[in-house]
Amino acid sequence: MADDLRRTPLHALHAAAGARFGGFAGWDMPIRYGEVRAEHLAVRADVGCFDVSHMGQIEVRGPKAQGFLAEVLTNDPARASEGEAQYTLICQDDGGAIDDLILYRRHDRYLLVVNAGNIAACLDRLTELAGDGVVVEDLSEGLAMLAVQGPHWRAALTPLSAPGGPASLDPFHFMDATVGGVDCVVARTGYTGEPGVELICDSGRVADLWRALMSGPHPPSPAGLGARDTLRLEMGYPLYGNELNRQRTPVEAGLGWACDLASGAFRGADVMRAQRDHGTQERLVAFAMDGAGIPRSGCEVRVGGQPAGTVTSGSLSPSLGIGIGMAYVTTEHSEPGTEIEIMIRERAQPGRIRRKPLVNSSPRD
């Protein structure tokens, strides 16, 4: 029930804007304001703004923080310089994914932005393994986060920022900046495949930030989780709980590039190195339908009429106008171009495995 769900500080503003809400990871979140397709295409062609204040923020600091995170996270934190961000994962000892996250480095302080449903799990894992010289602190309650995404993100931010501010940021870098009178961490990261930024600020000021963006010279289109899901799906980005879980390793999910398998000693590394060297039974793939039918999570994938896997995420692609999705399939049937059938309402609908991304996003600048 909605009464049992948490709300972001912007809930009243979303309601006033006509948002339709739904439960997600324990939060009552805006799913859409109008049509998902329109919000999706606005991000692809212009600029949209998402309230992602449900995400968690955990700070890890101290003189031994870097060595500790090298043991806990799959990507080597030493590769991130001060002011840089890094995609990484936190795993069980057997390699199963506890969460995927973004690390932001400030000298010997690291901010980890984790998925809303996994805040407690990440905190448990970090505090379980932390020793002397490492402090783990949950900052989630005091922080809020907006994602301004789309090829014209600068048009939305530049008039609200000081000269030489966020507009100069390179991808996967971040800086402190004032946007619309609100002090923020501005990061060139996102989950849409489009260029843009994510803005982290004090939760008590996020309403001011939202209002400044929406009343600026180039206001972004408010966008809900419905568009966020179709945007990430077109890019082949995994969603925890669908493509990632404790029964799947990053290697199975095609995220070996985010793991220091060459020399890393992180928890689960040996399992993943064995998978890299000897292969896995299944692999995560992207696919598109050849005709009618919209795939959904749980649909069976067949090859030549025989079971070959299971859909993890599926939807109608607003950009392509056809059904798309991701699925775990047997490795022997995972090559792009492989013809498949998706069982939709007990009918076999033809499709084909495709390379990621399924849609060409705007060039990164």
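It should be noted that the structure appears before, not after, this text.
Remember, it's a predicted structure, so these values are computed and weren't measured experimentally.

Peer 1: Could you give an account of the overall build of the protein, naming the residues involved and the relevant values?
Peer 2: Within the protein, the regular secondary structure consists of 8 helices and 19 strands. Here the C-alpha atoms of the protein give a radius of gyration of 20 Å, agreeing with the 21 Å that 2.2 N^0.38 yields for 365 residues. Taking the principal axes of the C-alpha coordinates as reference, the protein spans close to 60 × 50 × 40 Å. Evaluated residue by residue, the protein yields a buried proportion of 54% over its 365 residues. Within the protein, residue pairs in contact and separated by at least 24 positions form 65% of the contacts whose partners lie at least 6 positions apart. Counting 34 positive and 46 negative side-chain charges, the protein places the averaged centre of each group 4 Å from the other.

Peer 1: How would you summarise the sheet that holds strand β7 (residues 109-114) if you had to cite specific residues and measurements?
Peer 2: A sheet is described by the order of its strands in space; here 5 strands give the open sequence β5-β6-β7-β4-β8, paired in antiparallel fashion. What marks the edges here is a single partner per strand, and that holds for β5 (85-91) and β8 (135-138). Within the sheet, the average angular offset between the axes of one strand and its neighbour, ignoring direction, is 30°. Bridging between strand β4 (residues 56-61) and β8 involves 4 bridges; their strand directions are antiparallel. Looking at the pairing, I58 lines up with D138 of β8.

Peer 1: Explain the sheet that holds strand β3 (residues 48-51) residue by residue, including any values.
Peer 2: In any sheet, the strands associate via hydrogen bonds between backbone groups, in a parallel or an antiparallel arrangement. The sheet built from 6 strands is open, its strands ordered β10-β11-β12-β9-β3-β13 with mixed pairing. Pairing within the sheet leaves two strands with one partner each, and these edge strands are β10 (174-179) and β13 (221-222). Strand direction decides the pairing type here: β10 and strand β11 (residues 182-187), joined by 6 bridges, are antiparallel. Bridging from a neighbouring strand, V179 pairs with V182 of β11. Along the sheet, helix α6 (residues 206-214) makes contact with β3, β9 (143-149), β10, β11, β12 (196-202) and β13, crossing β9 at roughly 20°.

Peer 1: For the nonpolar core, give the residues involved together with the corresponding values.
Peer 2: Formed by 41 residues in total, the largest nonpolar core has its most connected members in F50, Y87, L89, Y104, V113, L244 and M272. When residues no more than four places from it in sequence are discounted, the contact partners of L244 are Y87, L89, A97, D100, P238, L239, A253 and L255. In terms of nonpolar packing, the next biggest core, distinct from the first, is built from 27 residues, C49, V179, W210 and A212 among them.

Peer 1: Could you give an account of the side chain of D28, with specific residues and numbers?
Peer 2: Mapped onto the elements, D28 comes out in strand β2 (residues 27-32). The charged side chain of D28 is buried without a salt bridge, its nearest counter-charge being R7 at 4.1 Å. A polar side-chain atom of D28 sits 3.0 Å from a polar atom in the side chain of H11.

Peer 1: Describe unusual backbone geometry, listing the residues and the values that go with them.
Peer 2: Cis geometry marks the peptide bond from K356 to P357; its omega dihedral reads -5°. With respect to the secondary-structure elements, P357 resides in the segment after β19 (347-354). The backbone of H107 shows a phi angle near 50°, a positive value even though the residue is not glycine. Along the chain, H107 turns up in the loop between β6 (97-106) and β7. Note on H107: relative accessible area 52%, which makes it exposed. A positive phi is found at E346, a non-glycine position, where the angle reads about 70°.

Peer 1: Describe helix α2 (residues 36-45), naming the residues involved and giving the relevant values.
Peer 2: Every buried residue belonging to α2 is among E39, H40, A42, V43 and R44, and all of these are buried. Turning to α2, the residues buried within the fold contact β2, β3, β9, β13 and α7 (225-235).

Peer 1: Describe the packing of aromatic side chains, naming the residues involved and giving the relevant values.
Peer 2: Inspection of every chain in the model, using the stated rule, returns 3 aromatic pairs. Taken together, a centroid distance of 5.4 Å and an interplanar angle of 20° make the contact between Y87 and W257 stacked. Pair noted here: Y87 is in strand β5 and W257 is in the loop between α7 and α8 (269-278), with a separation of 170 residues, a long-range link. Taking the ring centre of Y328 as reference, the NZ or CZ of R248 above it sits at 3.7 Å.

Peer 1: Give me the environment of D28: which residues, what numbers.
Peer 2: According to the relative accessible area criterion, D28 is buried, its value standing at 7%. With 22 residues separating them in the primary sequence, D28 and R6 have C-alpha atoms 5.9 Å apart.

Reading guide: rules and limits
Residues numbered from 1 in each chain as written. Predicted model: local features only at pLDDT ≥ 70, side-chain atom pairs only at ≥ 80, totals over all residues. Heavy atoms only, no water. Helix = DSSP H or I, 4+ residues; strand = E, 2+ residues; numbered from the N terminus. Rg over C-alpha atoms; globule rule 2.2 N^0.38 Å. Buried < 20%, exposed > 50% of the residue type's maximum accessible area, 1.4 Å probe, protein only. Contact = heavy atoms within 4.5 Å. Lys, Arg positive; Asp, Glu negative; His and termini not counted. Charge placed at Lys NZ, Arg CZ, Asp CG, Glu CD. Pairing = 2+ DSSP bridges. Axes fitted to C-alpha atoms, helices over the stretch in contact; angles between N-to-C directions. Core = buried A, V, L, I, M, F, W, Y, C linked by side-chain atoms within 4.5 Å. Salt bridge = Lys/Arg side-chain N within 4 Å of Asp/Glu carboxyl O. Polar contact = N/O pair within 3.5 Å; in protein donor to acceptor, adjacent residues only side chain to side chain. Phe/Tyr/Trp six-rings, centres within 6.5 Å; stacked < 30°, edge-to-face > 60°. Lys NZ or Arg CZ within 6 Å of the ring centre and 35° of its normal.

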